[in-house]
Amino acid sequence: MDSRSDHSLEKPLIYESVSQHDSTNSPVDSSSDNEALLYRQGRSNRHWRSYLKYSAIIGILLFLYSSLLVTLTVNVTSKNRRIGPRFVKTPVDPKSIVYEAHVMEQWVDQGGGSPVTYFSNQPNEQVDKNWHELFQYQNIGVEPGTYERMGREDEGIKLPDGTYYGSIMVFHHLHCLKNLYHALHPEYYGLDNLTVETQASWKDHTTHCLHMLKEALMCQGDTTVLTMM
């Protein structure tokens, strides 16, 4: 048999390509990969440590701010209980308060039907009597517990029955209104005859009344629609 025919029957040689990531990489390449991995892990750990540190700082600052805010609120509330708004439920029994529909006339002489009780016309004996009767329920006895909640038990006037002298704010506002009415007629109520010191005290009292009435009107603002006449 011809030798050329024998060579034609031999199988061709097949070569496999070598991968770039073959396990036969040099030790230097493996070391570089490990260093890169360790660097990334270290960087990630530093990132989390920084995050936790700043979170802790922010948490501490928020805690301090909240504590300061609560402390200031408690102090202001305690102070207001003594010299400002009273955060105490009124001792007035709601059953003793009666509401009724009433049309407020802008001028007292425009009312029709029922007789008008005057408070603001020229001063006379009847006007003074009307004001006096308006205050017949002004003074009340306040239970000691209410005074304690207000923080005023050391300042109150204790009555023989164990309660403390008090009044309801609406009567204080009416008192201020009466005081302004007197200021409009100083000659009738003898205000012109007061000493200089007493007149100064009276002026301070009147200024206080103006302030209290302004505060009451703004606090309990009437939203009734007013039309021009």
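Residues numbered from 1 in each chain as written. Predicted model: local features only at pLDDT ≥ 70, side-chain atom pairs only at ≥ 80, totals over all residues. Heavy atoms only, no water.

Naming follows an unreviewed UniProt entry, where the chain appears as Tat pathway signal sequence of Aspergillus ellipticus CBS 707.79. Listed in UniProt under the heading Sequence similarities (unreviewed entry), the comment for the chain reads: "Belongs to the ustYa family." (UniProt positions renumbered as here; feature names shortened; annotations may be inferred.)

**Remarks on the overall build of the chain**
When helices and strands are counted, the chain shows 6 helices and 2 strands. Listing every helix and strand of the chain by position from the N terminus yields α-α-α-β-α-β-α-α. Looking at the chain as a whole, 14% of its 229 residues are labelled buried. In the chain, the proportion of contacts linking residues at least 24 apart, taken out of those at least 6 apart, comes to 62%. (Helix = DSSP H or I, 4+ residues; strand = E, 2+ residues; numbered from the N terminus. Buried < 20%, exposed > 50% of the residue type's maximum accessible area, 1.4 Å probe, protein only. Contact = heavy atoms within 4.5 Å.)

**What about the packing of helix H5 (residues 169-184) against helix H6 (residues 196-219)?**
At a closest axis distance of 9 Å, the pairing of H5 and H6 adopts a crossing angle of 130°. What the angle tells us is that H5 and H6 run oblique. Crossing handedness for the pair H5 and H6: left-handed. Contacts between H5 and H6 pair Met 169, His 172, His 173, His 175, Cys 176, Leu 177, Asn 179, Leu 180, His 182 and Ala 183 from the former with Trp 202, His 205, Thr 206, His 208, Cys 209, Leu 210, Met 212, Leu 213 and Ala 216 from the latter. (Axes fitted to C-alpha atoms, helices over the stretch in contact; angles between N-to-C directions. Parallel < 35°, antiparallel > 145°, perpendicular 65-115°, else oblique. Left-handed = near helix turned anticlockwise from the far one by under 90°.)

**Describing H5**
For H5, built from 16 residues, the straight-helix expectation of 22 Å at 1.5 Å per residue is met to within 8% by its first-to-last C-alpha distance of 23 Å. Phe 171, His 173, Cys 176, Asn 179, Leu 180, Tyr 181 and His 182 are the residues of H5 that are buried. Turning to H5, the residues buried within the fold contact helix H3 (125-134), strand S2 (164-167) and H6. (Expected span 1.5 Å × (residues − 1).)

**Quick word on the packing of aromatic side chains**
Any pair of aromatic rings gets described here by the distance separating the centres and the angle formed by the planes. Enumeration over the complete set of coordinates arrives at 6 aromatic pairs. Centre to centre, the rings of Tyr 188 and Tyr 189 are 4.8 Å apart; their planes meet at 80°, and the pair counts as edge-to-face. Residue classification places Tyr 188 among the partly exposed positions, given a relative accessible area of 40%. Members of the aromatic cluster, each reached through a chain of ring pairs, are Phe 119, Trp 131, Phe 135, Tyr 181, Tyr 188 and Tyr 189. Above the plane of the ring of Tyr 54 lies Lys 53, whose end atom (NZ or CZ) is 5.3 Å from the centre. (Phe/Tyr/Trp six-rings, centres within 6.5 Å; stacked < 30°, edge-to-face > 60°. Lys NZ or Arg CZ within 6 Å of the ring centre and 35° of its normal.)

**Observations regarding the side chain of His 185**
Relative to the helices and strands, His 185 resides in the loop between H5 and H6. A residue is classified by how much of its surface remains accessible, and His 185, at 11% relative accessible area, is buried. The residues touching His 185, leaving out its near neighbours within four places in the chain, are Asn 121, Gln 122 and Pro 123.

**Quick look at H3**
Among the residues of H3, Val 127, Asn 130 and Trp 131 are the ones counted as buried. Mapping the buried residues of H3 onto a view down its axis gives an arc of 95°, with all of them on the same face. Summarising the geometry of H3, the exposed residues directed more than 90 degrees from the buried face are Glu 125 and His 132. At its buried positions, H3 is contacted by H5. In this structure Asn 124 caps H3, since a side-chain oxygen of it lies 2.9 Å from the backbone nitrogen of Gln 126. (Arc of directions from axis to C-beta. Polar contact = N/O pair within 3.5 Å; in protein donor to acceptor, adjacent residues only side chain to side chain.)

**Notes on the environment of Leu 174**
Mapped onto the elements, Leu 174 comes out in helix H5. With residues near it in sequence (within four places) discarded, Leu 174 still touches Trp 131, Leu 134 and Phe 135.

**Focus on the packing of H3 against H5**
One way to put it is that H3 packs onto H5 with a least axis distance of 11 Å and a crossing angle of 165°. The orientation of H3 relative to H5 falls into the category roughly antiparallel. Taken as a pair, H3 and H5 cross one another with a handedness that is left-handed. On H5, the residues that touch Val 127, Trp 131 and Leu 134 of H3 are Phe 171, Leu 174, Leu 177, Lys 178 and Tyr 181. Classifying every residue of the contact of H3 with H5 gives 7 nonpolar, no polar and 1 charged. (Nonpolar A, V, L, I, M, F, W, Y, C, P; charged D, E, K, R; others polar.)

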